[in-house]
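Listed here are the chains, written in short residue letters.
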Amino acid sequence: MTIATLAPGLATYSDTTVSFNAGYSYRLVAVGTYGSSTSVPASVTVQPGAPTSLTAVSPMSTLANLAVNLSWTGHPAGQDNFLVYRATGSGTATLIATLGPAVTSYSDVTVAEGGTYTYTVIARNAAGNSLPSNAATVTAASRPAAPGGLTAQPATRTRISLAWVNNANNQASFRIERAVGSGPFTALTTLASTVSAGTLLAYTDTPVLNNGTIYSYRVFAVNLMGDSPASGVAQAATATTAPPAPTVVTASGRQVTATATSVTVTWTEPATGLTNLPTSYDIQRRTGSAGAATWTTLATVPSTGGLTYTDTTATFGSAYGYRIRASNAAGNSAYFPGTTAGQQVVWTPGAPASLSATVSNGIVTLSWPAVTSSHTGYRVERSAAGGAFAALATVTSTVTTGNISATDTTAAAGIGYTYRVFAVNAVGDSLASPTATATVPTLPGAPTGLTATQRTNPLGVVLTWVNNATNATAFEVQRATGAAGTFTTLATVAGANITTYTDGTAAINVAGGYRYQVRAINAGGSSAFSPVVSITPAIAHVQSVVSTAVASASAVTTPALGAAQAAGNLNIVVVSWKDTTRSVTNVVDSRGVTYAQAGTTTSGTGLRQAVYYAVAQAGSSTTVTARFNGAATSPEVRFLEYSGVSALDQFAGASGTNANANSGNTAATTAANELVFGACFSSNATTVGTGFTARVTTSTGLAEEKTVTATGAQSATASVAAGTGRAWVIQAVTFK
């Protein structure tokens, strides 16, 4: 039959209508304009289809009949053979059987007990093999695993209780065997049971002799394949005497949560033989620490339940006593301990009530109040960035008052840390304290642009800088004296954006001057220092005024100083007048300060002059009044303020009629850094002397000064213009 007509040029064709395991013959007919031609026939047989629905079962049977039974479905079109393959565990599959075309089952009797196998089946004919069937995995039947944990305990004078754990999932029953005395084991009973592995089973052997006869027991798990290995052997005997008392009772109390408490009571099993083994223990409790009290039975626990009991009815921290006795069918032991107080409970400590965390210089300092309950120390834990808590430090301390502290020197900048603390003792840990958090900040940026300028009212050095920190909390100012002096901290100024500080302790003309540096501070530590700046403060004129000219007066008051005065500066007052009959009675300023005279009054041709001084008082609008013992002619008062000096040292005064006024030399000065103050009064105009700076100049008066940095005699000079009756008086006063 024709199955396809192909276009010219095609040389291949795929027939998808064939059936598995069928035989086919093909020929080609070429058709053209002038007729057709036919090829030689070609025959082919198709491979069989893959077997399906493969199953593998290992039925529970006797060990001699152990097998895995396979079944599958072959392809309807038939095949010549079936090939059965088997892999053991995760190994490679190998051919184990070649079967006829109609066989669709196979029993593998070469398997091992409990072995795991995977099977596949392939169909084969003359054309080749089919694809594999589905894989079927099976574990061969096996005998059960041995029971575990067998115990035997006398329950009464004629009963012995057995208990064990099933370790198998394929048992049908358990066979219990018993030996009396030193005799052989014989079957005692068989218990049908298909419980799953991990199940606890029990059996009571009754009646047994109550004369102390020793019984030995063992258990087998059983199925059709046979017996498991035997369990361990457990021995017991019916009690003939009461057990001795337990020993070494302990009572450890813990606060489990904020509201839950537990006391764990433990004891040591008394030394016994098989005929006086305890079957249970009675636990009693009393409240208080000493003296007679009523004991209350908390519980009776079986001896198979372990040598411990948990009391959840105790109040945390209260005093309790516990005692234990052992019991069996023959009677009870005495209680242990036998004192009226019993075994006192030892509690874990109470939790620290609070916790604080502060950061300074990159270190986190933790502080908490000492717990008042018995403890041996504390454990500090830390969580970084919300992670799990881990132990950070232990603190050994038994004090019960005051605060306890610990430091975290490993905290990294910029990470949020959470801390908690536990009090500990031999029993265990307290509950955790409240948590505290801390973050070590990153270091602040260093200041720049540091400058230093002298302040004169009062004397000082004003520092200014540029704050480059966004997280500073303070700024540290350091000062060094001279070029090689060591920097020391001058001040630490609190604030987030401080840009200035005044050093009010700076002295004048210090050798080498002062060097300053500044750095920013926060809890994380300190920035680098700013660049260093240097300055040498000197004696300085602050301000001055002069009285208004008058023909005569018995009292003359100056105008007020323009700026407020600073306490500690030096006020100098020069009083001059043009007669020799009057004298100054006093000089007082508006602060109420009476001025002292420096040296003596100097008199010349129709002229007189005196210099007064006082330490300035703080205040504004200061004036000075000079009073005479009568109306003085042309009185003049010059009022000057200086910083850097405050005490009188030496004085010199002179008068004359020539052009060069000169006070003459004072005695040698007593300090290296001093102010040389000159005051000249003349009948003609006066100009400042060489090396001096003029501060107050009137038509006839002059106040001038210079500073010196070495000791020695000093003098004041001035030039007096020529004119009628040229006369002058001049004074030199040194202040230190």
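Residues numbered from 1 in each chain as written. Predicted model: local features only at pLDDT ≥ 70, side-chain atom pairs only at ≥ 80, totals over all residues. Heavy atoms only, no water.

### Observations regarding the pattern of salt bridges
We count it as follows: Each reported salt bridge corresponds to a side-chain nitrogen of Lys or Arg within 4 Å of a carboxyl oxygen of Asp or Glu. Only protein chains enter the area calculation, which uses a 1.4 Å probe; residues under 20% of their type maximum are buried, those over 50% are exposed, and those in between are partly exposed.
The full count for this structure, using the stated rule, is 16 salt bridges. Where Glu-636 meets Arg-638, a salt bridge forms, and the shortest distance between an N and an O atom there is 3.1 Å. Take Glu-636: its relative accessible area is 10%, and that puts it in the buried class. Here Arg-638 falls in the buried class, since its relative accessible area comes to 0%. Because the salt bridges share partners, they merge into one network encompassing Arg-175, Glu-177, Arg-218 and Asp-227.

### Topic: unusual backbone geometry
We count it as follows: Each helix corresponds to a stretch of at least 4 residues labelled H or I by DSSP, and each strand to a stretch of at least 2 residues labelled E; elements are numbered beginning at the N terminus.
Of note, the bond from Thr-206 into Pro-207 is cis; its omega dihedral lies within 30 degrees of zero at -10 degrees. Along the chain, the position of Pro-207 falls in the loop between strand E17 (200–205) and strand E18 (214–223). Omega for the bond connecting Phe-336 with Pro-337 falls within 30 degrees of zero, at -10 degrees, which places this linkage in the cis form. Residue placement: Pro-337 occurs in the loop between strand E27 (331–332) and strand E28 (343–344).

### What to know about a nonpolar patch on the surface
Inclusion rule: For patch detection, residues must exceed 30% relative accessible area and be free of salt bridges, and they are connected within 9 Å for like charges or within 5 Å for nonpolar side chains (Val, Leu, Ile, Met, Phe, Trp, Tyr). Using a 1.4 Å probe, the Shrake-Rupley method yields the accessible areas, and only the shown protein chains count as cover for residues.
A contiguous nonpolar surface patch, about 600 Å² in accessible area, is contributed by Met-1, Ile-3, Leu-6, Leu-10 and Tyr-13. In this structure Leu-10 comes out as exposed when scored by relative accessible area, which is 55%.

### Some points on the sheet that holds strand E13 (residues 148–156)
In plain terms, the rule: Only strands joined by at least two bridges in the DSSP assignment are considered to pair. Think of each axis as a best-fit line through the C-alpha atoms, taken over the contacting stretch in the case of a helix, with angles from 0 to 180 degrees between the N-to-C directions.
Strand order in the open sheet made by the 3 strands is E13-E14-E17, with antiparallel pairing throughout. Edge positions in the sheet fall to E13 and E17, since each of these pairs with one other strand and no more. Ignoring which end each strand starts from, the neighbouring axes of this sheet average 20 degrees apart. Relative to E17, strand E14 (residues 159–165) runs antiparallel, the two sharing 6 bridges. Bridge pairing in E17 places Trp-164 opposite Leu-201.

### Things to note about the sheet that holds strand E53 (residues 648–656)
Here we have 5 strands laid out as an open sheet, ordered E53-E60-E55-E58-E57, and antiparallel in their pairing. Either end of the sheet is taken by a strand with one partner, and the two such strands are E53 and strand E57 (693–697). Within this sheet the neighbouring strands show an average axis-to-axis angle of 15 degrees, counted without direction.

### Observations regarding the pairing of strand E10 (residues 116–125)
Burial within E10 is extensive, with 7 of its 10 residues counted as buried. For strand E7 (residues 81–88) and E10, the ladder comprises 8 bridges, and the chain directions are antiparallel. Bridge assignment links Ala-87 to a residue of E10, and that residue is Thr-118. In terms of strand pairing, E10 meets strand E12 (residues 136–139) through 4 bridges, oriented antiparallel. When the bridges of E12 are listed, Thr-118 appears paired with Thr-137. In textbook terms, the turn of a hairpin is the stretch between consecutive antiparallel strands, and for E10 and strand E11 (residues 128–129) this stretch comprises 2 residues.

### Description of the packing of aromatic side chains
The test is simple: Stacked, edge-to-face and tilted labels apply to pairs of Phe, Tyr and Trp rings (six-membered ring for Trp) whose centres lie within 6.5 Å, assigned for plane angles under 30 degrees, over 60, and everything in between, in that order. Each ring is checked for a lysine NZ or an arginine CZ that lies within 6 Å of its centre and within 35 degrees of its normal; such an atom marks a charge sitting over the ring.
A full pass over the atoms with the stated rule returns 12 aromatic pairs. Judged by centre distance (5.7 Å) and plane angle (70 degrees), the ring pair of Trp-72 and Phe-82 falls under edge-to-face. In this pair, Trp-72 is assigned in strand E6 (residues 68–73) and Phe-82 in strand E7, connecting sequence segments 10 residues apart. Judged by its relative accessible area of 0%, Phe-82 falls in the buried class. Plain terms: the ring middles of Tyr-417 and Tyr-419 are 6.3 Å apart, the flat faces sit at 40 degrees to each other, and that makes the pair tilted. Given a relative accessible area of 5%, Tyr-417 falls into the buried group. Its guanidinium or amino end placed over the ring of Phe-220, Arg-175 lies 4.5 Å from that ring's centre, counting from NZ or CZ. One Lys or Arg, Arg-218, reaches over the ring of Phe-185 and ends 4.3 Å from the middle of that ring.

### Observations concerning the side chain of Ser-231
Heads up, the condition is: Here, residues are in contact when the closest pair of their heavy atoms is within 4.5 Å.
Secondary-structure assignment places Ser-231 in the loop between strand E19 (226–227) and strand E20 (234–237). Leave out the neighbours within four places in its chain, and Ser-231 touches Pro-147, Leu-150, Arg-218 and Val-219.

### Digging into the pairing of E18
With 8 of its 10 residues buried, E18 lies for the most part within the structure. Note that strand E15 (residues 173–180) and E18 share 8 bridges and pair antiparallel. Within E18, the position partnered with Val-180 by the bridge is Tyr-215. Where E18 and E20 come together, 4 bridges link them in antiparallel fashion. Paired with Tyr-215 across the two strands is Ala-236, which belongs to E20. Here E18 folds back onto E19, and the loop between the two strands holds 2 residues.

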